[in-house]
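# What the coordinates show
For reference, the chains in residue letters:
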Amino acid sequence: MCGIVGYAGHRRADGVLLQGLKKLEYRGYDSAGIAVCSAGEIFCEKKKGRVGELQAIVEAAALDGHVGIGHTRWATHGAPSDVNSHPHLNGSRRFALVHNGIIENYAALKDALLAKGYRFRSETDSEVLAHMLEACDCESLLETLVQVLAKIQGSYAIAVLDREHPEEIFVARKSSPLVIGLGDGENFIASDIPAVLEYTKNMYILEDGEIASVQAQGVTVYDAKGQTVDKKVYQVHWDATQADKGGFADYMRKEIYEQPNALRKMLDAYCKDDKITLPFQFTRKALQEIKQITIVGCGTASYAGRVGEYILEEITGIPVKVEVGSEYRYKRSILDASNLIIILSQSGETADSLASMREAKARGAKLIGVTNVIGSTLSRELEHVIHTMAGPEIAVASTKAFTSQILALYLIGLFLAESTKTISESQYQAYISKLRGIPEKVEEILRREREIQSIAEEFYAYEDMFFIGRLWDYPIALEGSHKLKEISYIHAEAYEAGELKHGALALVTSETPVICLSSIAAIADKMASNIMEVKARNAQMIHVRSEAVPPAPGCKREFLLPQEEDLFTPILAVVPLQLFSYFTAKYRGCDVDKPRNLAKSVTVE
Ligand code: M6R
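Presented here is a report on the structure given in the accompanying data block. Since the model is a prediction, treat every value here as computed from it, not as a measurement. (Residues numbered from 1 in each chain as written. Predicted model: local features only at pLDDT ≥ 70, side-chain atom pairs only at ≥ 80, totals over all residues. Heavy atoms only, no water.)

## Remarks on the pairing of strand S20 (residues 366-371)
- By the criterion of burial, S20 is predominantly enclosed, with six of the six residues buried.
- Neither face of S20 is left uncovered, since the one carrying Lys366, Ile368 and Val370 and the one carrying Leu367, Gly369 and Thr371 both have all their residues buried.
- Both strand S19 (residues 339-345) and S20 contribute to a ladder of six bridges, which runs parallel. When the sheet's bridge partners are listed, Ile342 is paired in S20 with Ile368.
- The sheet contact formed by S20 and strand S21 (residues 385-387) spans three bridges and is parallel. By the bridge assignment for S21, Gly369 is matched with Val385. (Buried < 20%, exposed > 50% of the residue type's maximum accessible area, 1.4 Å probe, protein only. Helix = DSSP H or I, 4+ residues; strand = E, 2+ residues; numbered from the N terminus. Pairing = 2+ DSSP bridges.)

Encoded structure:
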């Protein structure tokens, strides 16, 4: 999604801004631009395409400005083009503005401005803001912003330069993240922490409705009415190297390899002395009240939720359903304190997941958040939060966050069952020891990556693939097909193995390889029948099976998962699929970290 950077200090602003924009590239974008106050003017350059292309033009301009803003755009209103890129300027070029989010009432605002004679250059919703600043023009830019922002419906993070006050940047946010990095004689603005982490670990995280003035010598934060706010400095506890590739060719590969340690770290943090301790304040009575659990997430997080449905029902005996955020937020669900809603979000900033969280909160449900980003909106707005501790996930395709979310769901299940005494101590301890064994088994799979690479080498040129599985192998199949679509652009579909014959089997031919997941020994014979059905249609099959599941005759290739009890196979089963997508995408020459059209953090509805 769009990214914002800004700088006020002693360095040349253009270099800091370009560097920051490169750090934000992982979020996904189609154009980039910067604006710098230089020699009494606002210099503005923006282009469709990569930051590298913008860099050449900006460097040629040799700007001597020390205050500026920059932006990477992910198109929503208006196609990717130079003119639709940010920053946007008002007619007199006094203001330059960058915006993330969507201004929902922009059409009415634009009509009113057109009627007053303002001329628009772009098709974006964002440009209205630049003209509104000019149209309003109060005594101070702070007052102007208070008035302009009160008229905006929708979501925004903005940064504004004013030629009349070239030493200062104003920023504001509502439902779109923005942080201010606090340096020594210099300050930084960014959509997320990694973009400024090489300069400082001290941050202000802006809350909804806040406005801030950022200058080299200081930052002042105001509320939506323009009153100053006392802001707490947030200290980041990880460093810039964790957000680097660390010797790997791509972030995605590095993040796949980080999984064993990420899982270990979570187990060490939440499971001490053979007891799961989660940072929750629920009383036993409150936990005993829970009669229904709903897991909400988007994309990969929703598939982790679907795996969690089986895990939680099995461990707690409480009925579980899973909803995607974009639907759940508009459902008129009847909720009360007997409902536990678990919101899963790697970034903690996904607009639909946050809206679902707020809706469920307002309706009186109990809530637990699971996020990978400390300080994210989800972690700040919820009282009960599990941090997945996987470290920054930069590749658009989520890998380590997925397996960490599944681990979090095991932990929540065991925590609930133990707190309400619905599990025996021996069963509880047996489950904990199963969890402790998972990281090593993931390592074992990673050591055998060559086997998966050779499968990818054989199949990468096909344009359609199916993934099939039963029970929790099905959401793993969904995640496998999701990964393949995202980064290799192969059309892939996942089916409950028994459902294929109700329609999609018509599409299965020798040209549609089928990846058959069979990690659950208890239903291995049912899965074997489904494999025979696709074999009879001449499909080439890749069998991913547990040791306890017999081989299926006629499968072209197979990958054997380390032995594991049925309920604990999902984390193991997904790792070969992550590697399969990764290698397939590499063989097809795709940019695995930055797939086309996609954004890392989806902060618009
Ligand atoms: O940050 P979140 O977990 O809320 O993100 C949800 C989805 O946007 C995300 O999982 C997306 O599907 C990834 N690109 C998957 O690889």
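## Topic: the site of the ligand
- In the vicinity of the ligand, 14 residues are found, and the nearest of them are Ser345, Gln346, Ser347, Thr350 and Glu486.
- Between Thr350 and the ligand, the recorded distance is 2.4 Å, taken from a side-chain N or O atom to an oxygen atom.
- Among the secondary structure elements, those contributing two or more residues to the shell around the ligand are helix H9 (300-316) and helix H16 (473-488).
- No other element matches H16, which puts three residues into the shell around the ligand.
- Its residues assigned to classes, the shell around the ligand shows four nonpolar, eight polar and two charged. (Near = heavy atom within 4 Å. Polar contact = N/O pair within 3.5 Å; in protein donor to acceptor, adjacent residues only side chain to side chain. Nonpolar A, V, L, I, M, F, W, Y, C, P; charged D, E, K, R; others polar.)

## As for the sheet that holds S20
- A sheet is described by the order of its strands in space; here five strands give the open sequence S18-S17-S19-S20-S21, paired in parallel fashion. On the outer flanks of this sheet lie strand S18 (320-324) and S21, each paired with one strand and no other. Across the sheet, the mean angle from the axis of one strand to that of its neighbour is 20 degrees, orientation sign disregarded.
- Each of strand S17 (292-297), S19 and S20 touches helix H11 (residues 351-362); the most contacted strand, S19, lies at about 165 degrees to it. (Axes fitted to C-alpha atoms, helices over the stretch in contact; angles between N-to-C directions. Contact = heavy atoms within 4.5 Å.)

## Side note on the pattern of salt bridges
- Counted under the stated rule, the structure contains 33 salt bridges.
- Close ionic contact of Glu564 with Lys434 constitutes a salt bridge, the shortest N to O distance being 3.4 Å. A residue pair is termed long-range when its members are at least 10 positions apart, and Glu564 in the loop between strand S26 (557-561) and helix H18 (570-587) and Lys434 in helix H14 (residues 425-447) qualify at 130 residues.
- Judged by its relative accessible area of 5%, Glu564 falls in the buried class. (Salt bridge = Lys/Arg side-chain N within 4 Å of Asp/Glu carboxyl O.)

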